[in-house]
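Fold and geometry: a report
What follows is the residue order along each chain.
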Amino acid sequence: MTTQPDGDEPASTTKTVPARTPTCPDPRRPGPEGCPPAPSFDLLHLMVALQERGHRSLTERMHDGPMQEFTAVLLDLASVRRRLSGDLADRVGEVENHLRAATNALQLPPGVFRFGYDARQSLTTGLTLRIAGLLVDRLDTDLQVDEHPPTHAEISVVLATAQLLLQASDPVGTGEHAWLAVRSAPAEINLLLRVRPRACEPPADAARAARLRPVADLIGVELRHDASTGGWSAAFRLDRPSP
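The following refers to the structure shown. (Residues numbered from 1 in each chain as written. Predicted model: local features only at pLDDT ≥ 70, side-chain atom pairs only at ≥ 80, totals over all residues. Heavy atoms only, no water.)

**Some words on the overall build of the protein**
In terms of helices and strands, the protein carries six helices and five strands. Counting from the amino terminus, the protein carries its helices and strands in the arrangement α-α-α-α-β-α-β-β-α-β-β. Counting the 243 residues in the protein, one finds 39% classified as buried. Sequence separation of 24 or more characterises 71% of the internal contacts of the protein that already satisfy a separation of 6 or more. Only carbon and sulfur atoms are counted for the fraction: they give 57% of the accessible area of the protein, which is about 13,400 Å². (Helix = DSSP H or I, 4+ residues; strand = E, 2+ residues; numbered from the N terminus. Buried < 20%, exposed > 50% of the residue type's maximum accessible area, 1.4 Å probe, protein only. Contact = heavy atoms within 4.5 Å. Areas by Shrake-Rupley, 256 points an atom, 1.4 Å probe, with all protein chains shown as cover.)

Shown next as structure tokens:
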């Protein structure tokens, strides 16, 4: 984040260098008799890696393009204001402040996987950026990942699983409320997701169930529907390799 300067100095965007996203290791999902990971888990990992790559590219373009131009305009305005006095100088100062505020608002949030982030920070950031407000209006979480922290690749699989299920549930709108729990153990990572659709949706939505089923079958998710409320829940287990 760019700090807010005092006085005549504009918001310095040239000093902010986007953090590079560390390379995520390949997901490690052991199969029977040493079989390679299932293709679906590779796809989940690649999905989040692609999102991070796009986010990083956008951040770099913003930093090297529009932010540089905003800084130049702010410098010019400050130079003009110093040659003025009275109400006109004050008016130019107000324009500077508005432009500085707009520039700060354009700063992009950090990516999911950032140097210095532990597993909880990465997972929390991913849920905030990729799910809360975007796929559901309200998201409550219960993250128990500190004792046996998941790797970046495992976090990618968890995030992508939740994203795909929520997107399939409602490809256009957002769900009303979701509860998401992630528990990391030495041998496995468990994801539990419960979703309450909007009140305007029919209690028994066969179309939503039909959209969710292929995604759940592809990933290996246990899916349950509540015909009385229209809600649904998903349980997902990601096996971890033996030490």
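**A look at helix 6 (residues 206–219)**
The first and last C-alpha atoms of helix 6 sit 20 Å apart over 14 residues, in line with the 20 Å expected at 1.5 Å per residue. Those residues of helix 6 that sit buried are Arg208, Leu212, Val215, Ala216 and Ile219. Within two residues after helix 6, Gly220 carries a phi angle of roughly 90°, on the positive side. (Expected span 1.5 Å × (residues − 1).)

**Describing the packing of aromatic side chains**
Going through the model one piece at a time under the given rule, you end up with zero aromatic pairs. Geometry around Trp179 places Arg194 over its ring, the cationic atom sitting 4.7 Å from the centre. (Phe/Tyr/Trp six-rings, centres within 6.5 Å; stacked < 30°, edge-to-face > 60°. Lys NZ or Arg CZ within 6 Å of the ring centre and 35° of its normal.)

**What to know about the pattern of salt bridges**
A full pass over the atoms with the stated rule returns 11 salt bridges. Arg213 is paired through a salt bridge with Asp217; the nearest N and O atoms lie 3.4 Å apart. Here Arg213 and its partner Asp217 are both found in helix 6, four residues apart, which amounts to about one turn of the helix. Classification of Arg213 as partly exposed rests on a relative accessible area of 33%. Note that Arg237 is salt-bridged to Asp239, the shortest N-O span being 2.9 Å. Note on Arg237: relative accessible area 44%, which makes it partly exposed. In this structure, a network of salt bridges that share partners links the residues Glu188, Arg237 and Asp239. (Salt bridge = Lys/Arg side-chain N within 4 Å of Asp/Glu carboxyl O.)

**Section: the sheet that holds strand 3 (residues 188–196)**
Read from one edge to the other, the open sheet built from five strands follows the order 1-2-3-5-4, with strand pairing classed as mixed. The strands lining the two open edges of the sheet, one partner per strand, are strand 1 (136–144) and strand 4 (222–225). For this sheet, the mean inter-axis angle between neighbouring strands, taken without regard to orientation, is 10°. In this fold helix 4 (residues 119–130) packs onto strand 1 and strand 2 (175–184), with an angle of close to 165° to the strand it touches most, strand 1. Against the sheet, helix 5 (residues 152–169) touches strand 1, strand 2, strand 3 and strand 5 (232–239), its axis set at about 20° to strand 3. (Pairing = 2+ DSSP bridges. Axes fitted to C-alpha atoms, helices over the stretch in contact; angles between N-to-C directions.)

**Points about the environment of Val157**
Note on placement: Val157 falls in helix 5. Sequence separation of Val157 and Ile219 is 62 residues, and the distance between their C-alpha atoms is 9.7 Å.

**Thoughts on the packing of helix 5 against helix 6**
Taken N-terminus to C-terminus, the directions of helix 5 and helix 6 make an angle of 160°; their axes are 8 Å apart at the nearest point. Between helix 5 and helix 6, the crossing angle belongs to the class labelled roughly antiparallel. Between helix 5 and helix 6 lies a crossing whose hand is right-handed. Between helix 5, through Thr161, Leu164, Leu165, Ala168 and Ser169, and helix 6, the contact on the second element is made entirely by Arg208, Arg211, Leu212, Val215, Ala216 and Ile219. Residues of the contact of helix 5 with helix 6, tallied by class, amount to seven nonpolar, two polar and two charged. (Parallel < 35°, antiparallel > 145°, perpendicular 65-115°, else oblique. Left-handed = near helix turned anticlockwise from the far one by under 90°. Nonpolar A, V, L, I, M, F, W, Y, C, P; charged D, E, K, R; others polar.)

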